[in-house]
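Breakdown of the fold
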Amino acid sequence: MGMSVNEASAVLREATRETIRKRAIWFLVQGALLVVAGLVALVAPLFASTFFIVFLGWLLIIAGIGQAIGLIGATRVHYFWLQLISAALAVLVGWMLVSRPEAGLFAAALLMVVYFMVDGIQRLVFALMIRPMKNWGWMVASGVTGIVLALILAANLPDAAGWLIGVLLGIELIAVGSAMAYLAWDVRRATA
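Report follows, based on the coordinates. All values derive from a computational prediction rather than experimental measurement. (Residues numbered from 1 in each chain as written. Predicted model: local features only at pLDDT ≥ 70, side-chain atom pairs only at ≥ 80, totals over all residues. Heavy atoms only, no water.)

1. Some words on the nonpolar core
Selection rule: Working definition of a nonpolar core: buried Ala, Val, Leu, Ile, Met, Phe, Trp, Tyr and Cys residues. They are joined through side-chain atoms within 4.5 Å. Buried, partly exposed and exposed residues are distinguished by accessible area as a fraction of the type maximum, computed with a 1.4 Å probe on protein chains only: under 20%, between the cut-offs, and over 50%, respectively. Runs of E in the DSSP output that reach at least two residues are strands. Runs of H or I that reach at least four are helices, and both are numbered from the N terminus. Throughout, a residue-residue contact means that at least one pair of heavy atoms, one from each residue, lies within 4.5 Å.
Of all hydrophobic cores here, the largest spans 42 residues; its most connected members are I20, L60, L97, M112, F116, L153 and L169. Taken together, the elements giving at least two residues each to this core come down to helix 2 (24-43), helix 3 (49-70), helix 4 (80-99), helix 5 (105-130), helix 6 (137-155) and helix 7 (162-191). If one sorts the elements of this core by residue count, helix 7 sits on top with 10 residues. Ignoring anything within four residues of it in the chain, the contact list for L97 reads I53, V54, L56, G57, L60, A108 and M112.

If you want it as structure tokens, here you go:
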């Protein structure tokens, strides 16, 4: 006799919660680093646009590598592939920004739209997988923030200036980092 959909869903949620419990410190550190990177990104519009694009590229590369490192040993978790795609996109978009800053803000803005949208969707799916875990709504808010930022940026193309991309990236990184750190802190507190 097989499991019901509700029973299978409960098993998947518990596996996800257990993964978060085991990696709570890494999620906490990663979240704090993302918040710091987001605060730095909010200040970055003061720099020349070429330096700004390169700076954003390195932020994305570091965030993508950090996210990929966080996935080591988590291949059996059902949201693994979405997070891996999100990490790979962060590194790819970051590398493109670093290696071709002269391509202009329009190309960077298009890449950021794709990154924000995919990363936001990935976080929404993750949030739905961990519900009704306490405070799972923070991860939903983080995912919605990414999607809304993608839509705002897309609506301002082709006139999006470097400062707009920097502000949106800063908000995105702070939203992701805050949600991740809060979730990890709450899990560590609950298991202590």
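Moving on from the model shown.
2. Some remarks on the side chain of S86
Tracing the chain through its elements places S86 in helix 4. Apart from residues no more than four positions distant in its own chain, S86 is found in contact with Q67, Y115, D119 and Q122.

3. Quick word on helix 1 (residues 5-22)
What counts is decided by this rule: One less than the number of residues in a helix, times 1.5 Å, gives the span that helix is expected to have. In this context, the arc is that of the directions from the helix axis out to the C-beta atoms.
Taking 1.5 Å per residue as the helical rise, helix 1 with its 18 residues ought to reach 26 Å, and the 26 Å between its terminal C-alpha atoms agrees with that figure. Regarding helix 1, the residues found buried are R13, T16, R17, T19 and I20. Burial along helix 1 is one-sided: seen end-on, the buried residues are contained in an arc of 155°.

4. Examining the packing of aromatic side chains
One pair of aromatic rings is described through two measures. These are the centre distance and the angle between the planes. Worth spelling out the cut-off: Each pair of aromatic rings taken from Phe, Tyr and Trp, with Trp reduced to its six-membered ring, is defined by centres within 6.5 Å and is described as stacked if the planes are under 30 degrees apart, edge-to-face if over 60, and tilted in the remaining cases.
Scanning the model with the defined rule gives two aromatic pairs in all. Between Y115 and F116, the ring centres sit 5.9 Å apart and the planes meet at 45°, which makes this aromatic pair tilted. You'll find Y115 and F116 in the same group, each marked buried.

5. A word on the environment of V118
On the secondary structure map, V118 appears in helix 5. The spacing of V118 and A90 is 28 residues in sequence and 9.9 Å in space, taken between C-alpha atoms. Setting aside anything within four residues of it in sequence, one finds V118 in contact with I85 and L89.

6. With respect to the side chain of D119
The criterion, for reference: Residues adjacent in sequence count toward polar contacts only when both atoms are side-chain atoms; beyond that, a polar contact is any pair of N or O atoms within 3.5 Å, and within protein one must be able to donate a hydrogen and the other to accept it.
As for its position among the elements, D119 is in helix 5. Given a relative accessible area of 3%, D119 falls into the buried group. Of the polar contacts made by the side chain of D119, one reaches the side chain of Q122; its length is 3.2 Å.

7. With respect to the pattern of salt bridges
Rules: One speaks of a salt bridge when a side-chain nitrogen belonging to Lys or Arg is within 4 Å of a carboxyl oxygen belonging to Asp or Glu.
Taken as a whole, this structure holds two salt bridges when the rule is applied. Across the pair R123 and D119 runs a salt bridge, and its minimum N-O distance is 2.9 Å. With a gap of four residues between them, R123 and D119 both fall in helix 5, about one helical turn apart. Summarising the burial analysis for this pair, R123 and D119 share the class buried. Judged by its relative accessible area of 3%, R123 falls in the buried class. A cluster of three or more residues bridged by salt bridges with shared partners is formed by D119, R123 and E172.

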